[in-house]
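Structural characterization, general
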Amino acid sequence: SYKILQGRFSEKIQEMNRATMRSAADFPRIGRWSTPEHLLYLEGLRKFGPGKSTQFTKLIATRTALQVRSHEQKYMKLLARAREKGEEFAYCCGVQVHPGTFALAEA
């Protein structure tokens, strides 16, 4: 189950996507993923499931499919480590998630 974002996040995601699209002149970005980019990644994970990096680039205009694939590998390792340690939350790019469900944690 890829229950990631609740309805209250959808509007914020759309707003961040518009902001990301406006800054697409920077495409492709290099370096660390921003919080808005990671939230868009999570939205892509919810919509498409893991392993669909080409489709993710429709949501994240500032990243290539290769960058999405690399981010996904690192993110999944981070979640696996958090589950192994029995941690309640995992943090990535300023976003707090439940490692077992991919659901965003309440702030």
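Residues numbered from 1 in each chain as written. Predicted model: local features only at pLDDT ≥ 70, side-chain atom pairs only at ≥ 80, totals over all residues. Heavy atoms only, no water.

With that out of the way, let us pick up the packing of aromatic side chains. Two aromatic rings are characterised by how far apart their centres lie and by the angle between their planes. Taken as a whole and assessed by the stated rule, the structure comprises four aromatic pairs. Ring centres 6.3 Å apart and planes at 80 degrees place the aromatic pair Trp33 and Tyr41 in the edge-to-face group. As far as the burial class goes, Trp33 and Tyr41 line up, both buried. Taken together, a centroid distance of 5.4 Å and an interplanar angle of 45 degrees make the contact between Tyr41 and Phe56 tilted. Of the two residues, Tyr41 is situated in helix α2 (residues 35-48) and Phe56 in helix α3 (residues 53-56); the sequence distance between them amounts to 15 residues. Here the two residues Tyr41 and Phe56 agree in accessibility, since each one is buried. (Phe/Tyr/Trp six-rings, centres within 6.5 Å; stacked < 30°, edge-to-face > 60°. Buried < 20%, exposed > 50% of the residue type's maximum accessible area, 1.4 Å probe, protein only. Helix = DSSP H or I, 4+ residues; strand = E, 2+ residues; numbered from the N terminus.)

Another aspect to go through is the environment of Leu39. Looking at where Leu39 falls in the secondary structure, it is placed in helix α2. Residue class for Leu39 comes out buried when judged on its relative accessible area of 10%. As for Leu39 and Cys92, which are separated by 53 residues in sequence, their C-alpha atoms are 10.0 Å apart.

What follows covers the confidence of the model for the chain. For the chain, the mean per-residue pLDDT works out to 77, and 69% of the residues sit at or above 70. When pLDDT is averaged over each helix and strand of the chain, the minimum, 57, is found for helix α1 (residues 7-22) and the maximum, 91, for helix α4 (residues 65-84). Predicted confidence for residues 1-8 stays below pLDDT 50, and this span has 22 contacts to residues more than four positions away or in other chains. (pLDDT = per-residue confidence, 0-100. Contact = heavy atoms within 4.5 Å.)

Between the first and last C-alpha of α2 there are 20 Å, a value that for 14 residues agrees with the 20 Å anticipated at 1.5 Å per step. For α2, the complete set of buried residues consists of Glu37, His38, Leu39, Leu40, Tyr41, Leu42, Glu43, Gly44 and Leu45. Downstream of α2 by one or two residues, Gly49 has phi in the positive range, about 85 degrees. (Expected span 1.5 Å × (residues − 1).)

Our next topic: α4. Spacing of three or four residues puts side chains on the same side of an α-helix, whose turn is 3.6 residues. With 20 residues, α4 should reach 28 Å at 1.5 Å per residue; the first-to-last C-alpha distance of 28 Å fits that figure. Those residues of α4 not exposed but buried are Gln67, Val68, His71, Glu72, Tyr75, Leu79 and Ala82. One face of α4 carries all of its buried residues, which in axial projection span an arc of 130 degrees. Away from its buried face by more than 90 degrees, α4 exposes Leu66, Gln73, Lys74, Lys77 and Glu84. Along its buried surface, α4 packs onto α2, α3, β1 (90-92) and β2 (95-97). (Arc of directions from axis to C-beta.)

Attention now moves to the packing of α2 against α4. The N-to-C vectors of α2 and α4 enclose an angle of 85 degrees; their axes lie 12 Å apart at closest approach. With respect to α4, the axis of α2 lies roughly perpendicular. Seen from α2, the contacting residues are His38, Tyr41, Leu42 and Leu45; seen from α4, they are Val68, His71, Glu72, Tyr75 and Met76. Residues of the contact of α2 with α4, tallied by class, amount to six nonpolar, two polar and one charged. (Axes fitted to C-alpha atoms, helices over the stretch in contact; angles between N-to-C directions. Parallel < 35°, antiparallel > 145°, perpendicular 65-115°, else oblique. Nonpolar A, V, L, I, M, F, W, Y, C, P; charged D, E, K, R; others polar.)

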